[in-house]
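Here is what each chain is made of, one letter per residue.
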Amino acid sequence: MKVTLENLTKVFPGRGKGAKEVIAVNDFSFEIPDGKLIGLLGPSGCGKSTMLNLLSGLLTPTKGKIFFGEDDVTALPPEHRGVGLVFQNYALYPHLTVRQNILFPLQNRKGKDKLTKPQMEEMALEAAKLVQIESLMHRKPSELSGGQQQRVAIARALVKMPRILLLDEPLSNLDARLRLQTREELRRIQRATGITTVFVTHDQEEAMSICDEIVVMKEGLLQQMGEPQQVYDDPANHFVASFLGTPPINQFAGTVKGGKLYIGDQAVLPVPGVSDQAVTVGIRPEGFVLQENGAFTCQLKAVEVMGRDITVLSTHEACTAPAIRSIITAESRVDTAKPTVSFDLKPHKVLLFDENGERIRF
């Protein structure tokens, strides 16, 4: 099911005397292709959960329209939209078994949509098998691990075969190992069902690893939408570049003079076509190449051997952070007896931004 948002806006009134209204979603327009897994990504307070609630019908937009396929569902109540919603805290009924939790949305069907008991039992079992919890059907939520509870919540959302599946930070309550396992499982389930899925998270690594496309938000505004690797490699602005990446992008105060990029007094890279100006320089951690006489020299701080690669920690007066993190191959050898370390830079891993945070391409 294709989902289209047209100039969607949600404004909340201010709380207290003289308080300003809050624009949680601001003139948002984009299209979610049929059968894709889309990640809504951004820092806390950027409007991503509000967006999910607008899609589900729990909130009514201030203006704009929402289409599921060709159907305008903007004014349609939640129960008639055909959405499945999985909450961050699972929201399972504690007094019901796993089987009863999964059956619950089917038992509430009325009229022509009402199902027989054998039909409901068959659908519940199929949903349980899909998330691999069919052996837990007689347990109560309190008898399950966090990951198992999450699977029950997903099965309950899937059992009614929704047109759209909405996931609101579904992995944030799990430990690191279980998060990794469950996000792989989410991807498998989404591919198996082919249901258009919107996945809300503040964890950019999580979104980039399982989503077909990501939508980066800031203060209710759409910053960029695209395939995860494309957005990472070619961010539209300073915010997107800073938000995506683990470790985060290294940032420097720089200048462009005569077609060359300077960090401090070092000419580190030719930047043809860029006019002379002050710039913010972003260098991805993997954008450094260790060279004895490299163009960019920093003060060596420490070397972290990670096994598959090496992280060099260094400092430079133009860097906006306490340390520069440079990731180089494990075969490289850093002379820790020297006070400095030198690099050449990979041009496609160096990003320039103007004083307004907009991207300068070269």
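Residues numbered from 1 in each chain as written. Predicted model: local features only at pLDDT ≥ 70, side-chain atom pairs only at ≥ 80, totals over all residues. Heavy atoms only, no water.

(A) Just the sheet that holds strand β5 (residues 71-72), in detail. In space, the 4 strands of this open sheet follow the order β2-β1-β4-β5, with antiparallel pairing throughout. At either margin of the open sheet sits one strand with a lone partner, and together these are β2 (22-32) and β5. In this sheet, β2 lies alongside strand β1 (residues 3-12) in antiparallel orientation, the contact comprising 7 bridges. Counted as the bridge partner of Leu8 is Phe28 from β2. The sheet strands contacting helix α1 (residues 48-56) are β1, β2 and β4 (63-68), and the helix crosses β1 at an angle near 115 degrees. (Pairing = 2+ DSSP bridges. Helix = DSSP H or I, 4+ residues; strand = E, 2+ residues; numbered from the N terminus. Contact = heavy atoms within 4.5 Å. Axes fitted to C-alpha atoms, helices over the stretch in contact; angles between N-to-C directions.)

(B) The confidence of the model for the chain, seen in detail. Mean pLDDT over the chain works out to 92, with 100% of the residues at or above the 70 mark. Looking at the elements of the chain, mean pLDDT is at its lowest for helix α5 (residues 176-193), recorded as 82, and at its highest for strand β20 (residues 350-353), recorded as 98. (pLDDT = per-residue confidence, 0-100.)

(C) Examining the packing of aromatic side chains more closely. The tally for this structure, following the rule as stated, stands at 5 aromatic pairs. Centre to centre, the rings of Phe239 and Phe243 are 5.7 Å apart; their planes meet at 20 degrees, and the pair counts as stacked. Residue Phe239 and its partner Phe243 are located together in helix α8 (residues 238-243), separated by 4 residues, close to a single helical turn. Exposure remark for Phe243: the relative accessible area of 17% places this residue in the buried category. Ring geometry for Phe288 against Phe343: centres 5.1 Å apart, planes inclined by 70 degrees, an arrangement best described as edge-to-face. With Phe288 in strand β15 (residues 288-290) and Phe343 in strand β19 (residues 340-345), this residue pair connects regions lying 55 residues apart in the sequence. Overall, Phe288 belongs to the buried group, its relative accessible area being 3%. Exposure remark for Phe343: the relative accessible area of 0% places this residue in the buried category. The aromatic ring of Tyr262 is capped on one face by Lys257, whose charged end is 6.0 Å from the ring centroid. A cation over an aromatic ring shows up here: Arg284 above the ring of Tyr232, its NZ or CZ 4.0 Å from the ring centre. (Phe/Tyr/Trp six-rings, centres within 6.5 Å; stacked < 30°, edge-to-face > 60°. Buried < 20%, exposed > 50% of the residue type's maximum accessible area, 1.4 Å probe, protein only. Lys NZ or Arg CZ within 6 Å of the ring centre and 35° of its normal.)

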